[in-house]
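Structural features, examined
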Amino acid sequence: MLLSYFEHRRACRAKQQERRDRIASLPSAFHTPLTNEDKHILEMPVSELAESVRRGEVKPQDSLTAYGKAALLAHQETNCLTEVMIPEAMEWAKSCNLDGPLAGVPVSLKDMLGVKGFDSCVGYSERVGKPFTEDSSIFKLLRDAGAIPFVKTTIPVTLMSYESSSDVFGVTTNPHNRDYSPGGSSGGESALLAYGGSRIGVGSDVAGSVRVPAHYAGIYAIRGSVGRFPAFGSGTSIPGQEGVPSTHAPMTRTLEDLETFWKAVVRMGPWKYDFTCLEIPWREVDIQQKKLKWGVIWDDGVVKPSPACRRALERVVDLLKEDGHDVVNIDPPSLYEGLKISSQLLLADEAKFITGPIRFGEWCDAGVQQLRRWFVLPWFLKKMYVWYTRYIRRDEIYAGLLEGVMSERKITEYWPIIARRNAYRQAWFNMWNKEKLDFVLSVPNALPAAPHKGMKMGAQACGYAVLFNMLDRTAGVIPVTHVDPTVDAMPSSFKPRNLIEQESYKMYDPVKMAGLPIGVQIIGGRLQEEKVLGGMKLVEGLLREHGLQFPLLKKW
């Protein structure tokens, strides 16, 4: 054990020193203040920057320099970078495809994305110093599209948290308030984008890992269905897990850039780069002049949305009604049942894959630590605790979740859970068609950004996000407003319904959270990425018309 601990500490020191050395060795241009020309480049929408590069008005090297400077400033404030690929990016910029849809546009990547010659250690010290020998499919596509990948960004160890911390890279902070997390597991991306150190980036999402960071940090993201966005060739903490589908997904600073990025990726034909991608060209969808039907989920039955998050959802609902849309409360198949199925699939191995690489003495997220303690308990103690939770505490919600993850699943137990998942998907399909819905609205998470080390119940309180991974439906998040302590206080009559809600609300303090972003989630059908983008544009258009558009954070 001691040997494992010393190896862990050595790996962490080595990785952090490598990052410091790479930053220090960059050409002096990257260590100078942003010029007016740099700021002009940073303020360009992605489509405009790419067009300026194609016309020869902006050199790819100048684009990289501006974004490199801004990324280093973001890292200095938030600790959001893992791999600093700028020296290599300088060479890539010289040979980038000037005719590509992303010509000369710097792109940031979540740490797990595979880049030849660089680690994708996912926060595990055991994986430090083991660089990938091949590029991931999305990296190849981006290079061919003319983009310049230039940095990789922080994640939580295990990838299973709405925070982004590890012993390897340290704690990543929210640029809106350093006492809070920018989310997880794509938290480094959200921090970098919110700060303005990148305009477009790639994350991944298995339980809300791009949508919750977008909500926490005030940016835009969309989780597409499996097969629309290339994902092969990256690192992960759960290789082979397909019960709750994970996807790579774009994250951006603006909604316009989100659409530009999606179109560019699809235009390149991702099915030519990744065998998992479906051959579906971009489909133009115009819904801006139509009156649509929107269903609303106000409560997942586990953790009630905080006053701040409910207020953001109410704002969107009110604007849609005022614009003549049909907005209805829906009664979908039990969201609690969906959470149980998702947790049983994700934890079918007793979390052995996500915790296996963790060395002795290696810090782990509070929620994952709780899972580890649960799974090492003797079976009869687990049974006793479930009984106590159900009959003494009278908490059926928490008892039911615990009961579903009592032990590692044999294949004869796992397949029936897949069958339950498929039946649940069918029930949602039937409800959606019966109601003739175009979209569903919900909060992305019950609370705004979590304080550091606050995720004790994070794994159990992810129902608003993980549900749509399990259903494999397209879901996007847009920022709507900020926490306002004058109107977002908890009512004195509030009483937690279960232990998960009780522990979650220990984090909610609208005074300390003042100014943190709040987003709204817009959900569509499977493989309806174009339509969901249209729904996001419609909502943002209404916010803009009423003078309520979310103001982007600008740090430089």
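Residues numbered from 1 in each chain as written. Predicted model: local features only at pLDDT ≥ 70, side-chain atom pairs only at ≥ 80, totals over all residues. Heavy atoms only, no water.

1. A short note on the packing of helix H2 (residues 36-43) against helix H4 (residues 60-78)
At their nearest, the axes of H2 and H4 sit 9 Å apart, and the two run at 90° to each other. The orientation of H2 with respect to H4, classified from their angle, is roughly perpendicular. Between H2, through Asp 38, Ile 41 and Leu 42, and H4, the contact on the second element is made entirely by Asp 62, Ser 63, Ala 66, Tyr 67, Lys 69 and Ala 70. Residue classes in the contact of H2 with H4 are distributed as five nonpolar, one polar and three charged. (Axes fitted to C-alpha atoms, helices over the stretch in contact; angles between N-to-C directions. Helix = DSSP H or I, 4+ residues; strand = E, 2+ residues; numbered from the N terminus. Parallel < 35°, antiparallel > 145°, perpendicular 65-115°, else oblique. Contact = heavy atoms within 4.5 Å. Nonpolar A, V, L, I, M, F, W, Y, C, P; charged D, E, K, R; others polar.)

2. What to know about empty space enclosed by the protein
Applying the stated criterion across every chain, the model contains three cavities of 30 Å³ or more. Computed from the structure, the largest cavity encloses a volume of approximately 440 Å³. For the largest cavity, the lining is made up of 30 residues, of which Leu 347, Leu 371, Ala 459, Gln 460 and Cys 462 are closest to its centre. Of all the secondary structure elements, the ones that give two or more residues to the lining of the largest cavity are helix H11 (335-346), helix H13 (366-376) and helix H15 (396-404). (1 Å grid on protein atoms, 1.4 Å probe; cavity = no way out; pocket = protein on both sides within 12 Å on 5 of 7 lines; lining within 4 Å. Points joined across faces, edges and corners; volume = space filled by probe spheres on them.)

3. Some details on the packing of aromatic side chains
Enumeration according to the criterion identifies 13 aromatic pairs in this entry. When the ring of Tyr 67 is compared with that of Phe 150, the centres are 6.5 Å apart and the planes differ by 75°; the resulting orientation is edge-to-face. Placement of Tyr 67 in helix H4 and of Phe 150 in strand E3 (residues 148-153) is noted, with a sequence separation of 83 residues between them. With a relative accessible area of 1%, Tyr 67 lands in the buried category. The buried category is assigned to Phe 150, whose relative accessible area is 0%. Residues Tyr 505 and Tyr 508 carry aromatic rings whose centres are separated by 6.0 Å and whose planes lie at 75° to one another, so their mutual orientation is edge-to-face. For the pair formed by Tyr 505 and Tyr 508, the shared burial category is buried. Members of the aromatic cluster, each reached through a chain of ring pairs, are Phe 229, Phe 261 and Trp 262. Positioned above the aromatic ring of Trp 374, the side-chain terminus of Lys 382 is 5.9 Å from the ring centre. Taking the ring centre of Phe 439 as reference, the NZ or CZ of Lys 531 above it sits at 5.6 Å. (Phe/Tyr/Trp six-rings, centres within 6.5 Å; stacked < 30°, edge-to-face > 60°. Buried < 20%, exposed > 50% of the residue type's maximum accessible area, 1.4 Å probe, protein only. Lys NZ or Arg CZ within 6 Å of the ring centre and 35° of its normal.)

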